[in-house]
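# Analysis of the macromolecular model
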Amino acid sequence: MKHFLQRLTELVKGTLALRCSRGKNQPRTQKGEMTERLTIGQRVVHRRYGAGVVVEVRQGKEDEEHESYYVIDIPSSALKVYLPVSAAQQANLRRVSSRRRMNHALKILSGEPEELPKDYRERGSFVQELMKDGVVDSLAQVVRDLVALQSRKSMSSMELALVTNAKRRLAGELALVLDIDLAQAEQRIENALRRDEVE
């Protein structure tokens, strides 16, 4: 038992040392993360802002810190994100999900909701952490569980904003993946939440 605990301690220390030794310029290896240069027309997902399309590579002005920027149009938020080309590989970008993964997310929406923390502050922190990773399954889980909670009790303005944001980001990626407009994607989400048939 003593040997086991000693070995476990060594492994934990080794893992922490590996994490700390990673420079900020080293790309993470999370599945789906972007590691190549972006091209105009490429579809990507920003883990904070949602799914979008690279529409331009803009040259920076002489007084700006970076020489050039990717311009990413985020239709679901009517937003344009300016991402320095030199920092793109370290940014919170991932590839858009496959059709199979999006269909799985729709099935998550139509599944049984999970119980969220009862304290609203703890619940808000939990939901924000799920949304932070930007993974489509996590967004679907957030939407499903908060909508279920909303049907049972009144929610805070922060929680209402979270569910709206999660729905918008999920719909934005669904629209890009399935080549449908945003309204159709939103309807697909509502159908799944009502447990209508999911393809």
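So, here's what we can say about the structure. Nothing here was measured: the structure is a model prediction, and the numbers come from that model. (Residues numbered from 1 in each chain as written. Predicted model: local features only at pLDDT ≥ 70, side-chain atom pairs only at ≥ 80, totals over all residues. Heavy atoms only, no water.)

### Some words on helix H5 (residues 157-178)
Under the convention used in this document: Put simply, DSSP marks the helices as runs of H or I at least four residues long and the strands as runs of E at least two long, and each gets a number from the N terminus on. Expected span, for any helix, means 1.5 Å times one less than how many residues it has.
Taking 1.5 Å per residue, 22 residues should reach 32 Å; H5 reaches 31 Å between its end C-alpha atoms and fits that length. In the stretch just after H5, Asp179 is the one whose phi turns positive, near 55°.

### A closer look at the pattern of salt bridges
Where we set the bar: Salt bridges are identified by distance alone: a Lys or Arg side-chain nitrogen within 4 Å of an Asp or Glu carboxyl oxygen. Three exposure classes are used, based on accessible area relative to the maximum for each residue type with a 1.4 Å probe and protein chains only: buried under 20%, partly exposed in between, and exposed over 50%.
By the definition in use, this model includes 13 salt bridges. The residue Lys118 makes a salt bridge to Glu115 at a minimum N-O spacing of 3.9 Å. Pair check on accessibility: Lys118 and Glu115 agree, each one exposed. Between Arg152 and Glu115 there is a salt bridge, with its nearest N and O atoms 4.0 Å apart. Within this pair, whereas Arg152 is found in helix H4 (residues 136-152), its partner Glu115 is found in the loop between helix H2 (99-109) and helix H3 (120-132), the two being separated by 37 residues in sequence. You can call Glu115 exposed: its relative accessible area is 61%.

### Structural notes on the packing of H3 against H4
What counts, and what does not: Between the N-to-C directions of two axes lies an angle of 0 to 180 degrees, each axis being a line fitted to C-alpha atoms and, for a helix, fitted only over the stretch in contact. Roughly parallel means an angle under 35 degrees; roughly antiparallel, over 145; roughly perpendicular, 65 to 115; everything else is oblique. Note on contacts: a residue pair qualifies if any of its non-hydrogen atoms lie within 4.5 Å across the two residues. Amino acids outside the nonpolar list (Ala, Val, Leu, Ile, Met, Phe, Trp, Tyr, Cys, Pro) and the charged list (Asp, Glu, Lys, Arg) are all regarded as polar, and Gly is one of them.
Look at H3 against H4: their axes get within 8 Å of each other, and the N-to-C directions meet at 150°. Judged by the inter-axis angle, H3 sits roughly antiparallel to H4. Residues Arg123, Phe126, Val127, Leu130 and Met131 of H3 lie in contact with H4, whose contacting residues are Ser138, Leu139, Gln141, Val142, Leu146 and Leu149. Grouping the constituent residues of the contact of H3 with H4 by class yields eight nonpolar, two polar and one charged.

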